[in-house]
Amino acid sequence: MFNSHEILSTIEMVKNEHLDVRAVTLGINLFDCVSHDLEVFKKKIRAKIIKNASELVTVCDAVGEKYGISVVNKRISISPIGLVAAPFSAPEMVEIAHTLNDIAREVNIDFMGGFTALVEKGIASGDRALIDALPQALAETQRLCASVNVATTRSGINMDAVLDISRAIKKAALLTADEDGLACAKLCVFANIPQDMPFMAGAYLGVGVSDAVINVGVSGPGVVKKAIERALEKNPKLRLGQIAEIIKNTACKVTRVGELIGREVAQTLNIKFGVVDLSLAPTPTVGDSIGEIFQALGLTSIGVPGSTAALAMLNDAVKKGGAFASSHVGGLSGAFIPVSEDLNIAEAADKGYLSIEKLEAMTCVCSVGLDMVPVPGDISEETLAGIIADEMAIGMINNKTTATRLIPVPGKKAGDKVYFGGLLGEARIMDVPHATNKDCFVRYGGRIPAPIHSMKN
Amino acid sequence: MDKLIITVLGKDKPGIVASVAKSLYQMDCNIQNVNQMILQNEFAGFFVIDHPPELDMEKITSRLTKDLEGKKLQVYIDELASPANGLSNGYEIDSGSEETFLITTIGPDQKGLVAKFTEIIAEFNVNITNLKAVFKGGDEPSANIMNYQVAILPDTDQAGLFKRLRAKAAELGLDISIQHKNIFETINKI
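Residues numbered from 1 in each chain as written. Chains lettered and ligands numbered in written order. Predicted model: local features only at pLDDT ≥ 70, side-chain atom pairs only at ≥ 80, totals over all residues.

Caption draft 1: Seen up close, the overall build of chain A. A tally of regular secondary structure across chain A gives 14 helices and 13 strands. Whereas a compact globule of 457 residues would reach a radius of gyration of roughly 23 Å, chain A reaches 21 Å, a difference of no more than 12%. Its C-alpha atoms give chain A principal-axis dimensions of roughly 60 × 55 × 50 Å. When the 457 residues of chain A are sorted by exposure, 60% land in the buried category. For chain A, the share of sequence-separated contacts (at least 6 apart) that also reach a separation of at least 24 residues comes to 80%. (Helix = DSSP H or I, 4+ residues; strand = E, 2+ residues; numbered from the N terminus. Rg over C-alpha atoms; globule rule 2.2 N^0.38 Å. Buried ≥ 20, exposed ≤ 12 C-beta atoms within 10 Å, placed from the backbone. Contact = placed C-beta atoms within 7 Å.)

Caption draft 2: View of the overall build of chain B. Summing up its helical and strand segments, chain B has 5 helices and 8 strands in all. Listed by position from the N terminus, the elements making up chain B come as β-α-β-β-α-β-β-α-β-β-α-β-α. The proportion of buried residues among the 190 residues of chain B is 22%. Looking at chain B alone, contacts between residues at least 24 apart form 70% of all its contacts between residues at least 6 apart.

Caption draft 3: Summary view of the pairing of strand β1 (residues 4–11) of chain B. Sheet topology note: the β1 of chain B/strand β3 (residues 42–50) of chain B ladder contains 8 bridges and is antiparallel. Counted as the bridge partner of G10 of chain B is F43 of chain B from β3 of chain B. (Pairing = 2+ DSSP bridges.)

Caption draft 4: Region of the structure containing the domain arrangement of chain A. All names here are of chain A. Taken domain by domain, chain A holds domain 1 (29–191) and domain 2 (217–446). A separation of 22 Å is found between the C-alpha centroids of domain 1 and domain 2. Domain 1 puts 36 residues into the contact, and the matching count from domain 2 is 37 residues. Where the side of domain 1 that touches domain 2 is concerned, the elements lending two or more residues are α3 (56–67), β4 (144–152), β5 (156–158), α7 (159–175) and β6 (187–191). Of the residues belonging to the side of domain 1 that touches domain 2, the class tally is 26 nonpolar, 5 polar and 5 charged. (Domains from an automatic or database assignment. Nonpolar A, V, L, I, M, F, W, Y, C, P; charged D, E, K, R; others polar.)

Caption draft 5: Local environment of the sheet that holds strand β4 (residues 73–79) of chain B. Residue and element names in this part refer to chain B. A sheet is described by the order of its strands in space; here 4 strands give the open sequence β2-β3-β1-β4, paired in antiparallel fashion. The open sheet is flanked by β2 (30–39) and β4, the only strands paired with a single partner. The mean inter-strand angle of the sheet, taken between neighbouring strand axes irrespective of direction, is 15°. Each of β1, β2, β3 and β4 touches helix α1 (residues 16–26); the most contacted strand, β3, lies at about 20° to it. Running over the sheet, helix α2 (residues 57–67) touches β1 and β4 and is turned about 165° from β4. (Axes fitted to C-alpha atoms, helices over the stretch in contact; angles between N-to-C directions.)

Caption draft 6: Molecular detail of the nonpolar core. Grouped together as the largest cluster of nonpolar side chains are 185 residues, with contacts concentrated most on V150 and V162 of chain A. The leading source of residues in this core is helix α9 (residues 240–269) of chain A, at 11 residues. Apart from residues no more than four positions distant in its own chain, V150 of chain A is found in contact with V119, E120, I157, N158, A161, V162, I165, V189, A191 and M392 of chain A. Counting residues in hydrophobic clusters, the runner-up holds 10 residues, among them I6, L24, C29 and I60 of chain B. (Core = buried A, V, L, I, M, F, W, Y, C linked by C-beta atoms within 7 Å.)

Caption draft 7: Structural detail: the interface of chain B and chain A. At the interface, 18 residues of chain B touch 18 residues of chain A. Taken together, the elements giving at least two residues each to the side of chain B that touches chain A come down to β5 (99–106), β6 (127–135), β7 (144–152), β8 (175–180) and α5 (181–188) of chain B. Among the elements that take part in the side of chain B that touches chain A, α5 of chain B stands out by supplying 6 residues, more than any other. A per-class count over the side of chain B that touches chain A returns 8 nonpolar, 9 polar and 1 charged.

Caption draft 8: Representation of unusual backbone geometry. In this model, M200 of chain A is joined to A201 of chain A through a cis peptide bond whose omega is 15°. Tracing the chain through its elements places A201 of chain A in the loop between β6 and β7 (212–218). Not every positive phi belongs to a glycine, and N108 of chain A is a case in point at roughly 65°. Looking at the element boundaries, N108 of chain A is found in the loop between α5 (90–106) and β3 (111–118). Looking at N108 of chain A, the number of C-beta atoms within 10 Å reads 12, which means it is exposed. The residue N41 of chain B is not glycine, and still its phi comes out positive at about 75°. As for its position among the elements, N41 of chain B is in the loop between β2 and β3.

Caption draft 9: Quick look at the domain arrangement of chain B. Partitioning chain B into domains gives domain 1 (4–80) and domain 2 (99–188). Just the C-alpha atoms count here: the centres of domain 1 of chain B and domain 2 of chain B sit 32 Å apart.

Caption draft 10: Helix α11 (residues 307–325) of chain A, seen in detail. Residue and element names in this part refer to chain A. The end-to-end C-alpha distance of α11, which contains 19 residues, comes to 27 Å, matching closely the 27 Å that a straight helix rising 1.5 Å per residue would cover. Buried within α11 we find S307, A310, L311, L314, N315, A317, V318, G321, G322 and A325. For α11, the angular spread of buried residues about the axis comes to 165°, placing them on one side. Contact partners of the buried residues in α11: α9, β8 (272–278), α10 (290–296) and α13 (356–362). (Expected span 1.5 Å × (residues − 1). Arc of directions from axis to C-beta.)

Caption draft 11: Representation of the confidence of the model for chain B in the model. Taken over all residues, the pLDDT of chain B has a mean of 85, while the share at 70 or more is 86%. Quick note on the complex model: pTM equals 0.86, ipTM equals 0.77. (pLDDT = per-residue confidence, 0-100.)

Caption draft 12: Structural view of α7 of chain A. End to end, α7 of chain A covers 24 Å across 17 residues, agreeing with the expected 24 Å (1.5 Å per residue, within 8%). Considered for burial, the residues of α7 of chain A that qualify are M159, A161, V162, L163, D164, I165, S166, A168, I169, K170, A172 and A173 of chain A.

Spelled out as structure tokens, the structure:
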């Protein structure tokens, strides 16, 4: 028996505040597919993925229909290809990328993540082949996502890998110059990459997991924004502690929705349930924006002084709400601030409220990093590597995940507009000040040692 | 022992439940279950009771009517149908396998709204377990809301029912949501 308020507020969350399940991601362990023979390997991964994923989309749609909650994206994450395809060369890695892309199309999912190398402490032969294959693999496929973990708090930052990946990003951009460097939107560089994240482009399935697992990514920036607005309308004198409580309670509800849907999908598919990743992930739709939450909190725009504090409060409240709702919260579980994917954030950058430096500062307190940031196409590998290294250092020192998804847009300069389309959105290219191309720091290579607080044993 | 269901109707005021309960207590009756609602200032109360064997339905009715005299209340007493007996239309109550859905329509008020939807629900032999209608009149869509809680059995043509309901809502210019009750529990019952 539900009262009118409970019925209406639930319907309101779904219909007008964009509450949805952003991604149901089926993780598939490919370690039992390992072979030195490329054809055998491709055959095995095809068989295993299709066996586990053939019903994924149908089941997600049916469960979404039952609860009236849309499962927007159905995706697959796989074991790191750098490990399971370690015997193969770069051209063979490209072939594997095509096979994965074909399988993704066959099972009707929009993205498959796991074209991944874990190189924080060194680059093994499989990882080297994968990094070398990245530009071509990403340029020639549509549904494959890649990630490279170059740093951890326990291992430090592999600066050789940072420079290598910067080179790969530049090449990938050039190969997709006619699409504003779109290939780079499918590549994340990480510090402390989570093994169970359902969100793309960084999703992959870590080691030490079962054959298949369902991880769910729930979003809900619109729901959080409306909850804040409603509360402030009722009582304009609310204090920040009380507002944080409202965010926490809302995050708790949203997490429970994700777990409900995820568990039912998992049960129907007879696959283990993994985690709910409660991340406030925006879309380019009005009302589904992280940037708008900053305005609800009384700031002119994301990026103005006070933004980092507001984001810290938001991110923490979201985590606390998620932790209260479920014992199986994982992935990133925080707030994303992807520039082009959030209409409001893109506008803030456009109007000059948000610079790359401010974005970097904000990533110290939120769950990702410099995400979907278009930069000038003529940026040097060294400058790109410097930006990535800075972001990785934030993750390493603060014992948290950070990432970059930078897009050097060929032939375009700061202030020019780029269009990626769909959920990837559009934005104006951000200026990267003080890029002199004379700095040789990143060229020293080697590994920045792990911080002292990593020694916990 | 057979149970009785007592229905009490009348203008709402303080003390109705107390008067009924006192009278039943004095007759040594045991209230097993009770529910009440107030609809636009009208009280409706339902009491399921056990009664001593020597007291039949007639005696209880007579005593209760006497005790409530002057309070302008109407009292109806009947034997409580056992769930095992099913409903008169052949619909078997099966609380184990049914799935509860909430159907909510939002949109301009119009005559025959409830009739049009309940007719479809009945055609599929689906039982309505709760119905809330909040008609405030006028054309403000969010002010006119109907919510039907229905129990759907495994052999019900669920897809067919939902399709018909959605088509009817579209025809009447209403916004319709059909959702399993667990989503409301998940969001609201923490």
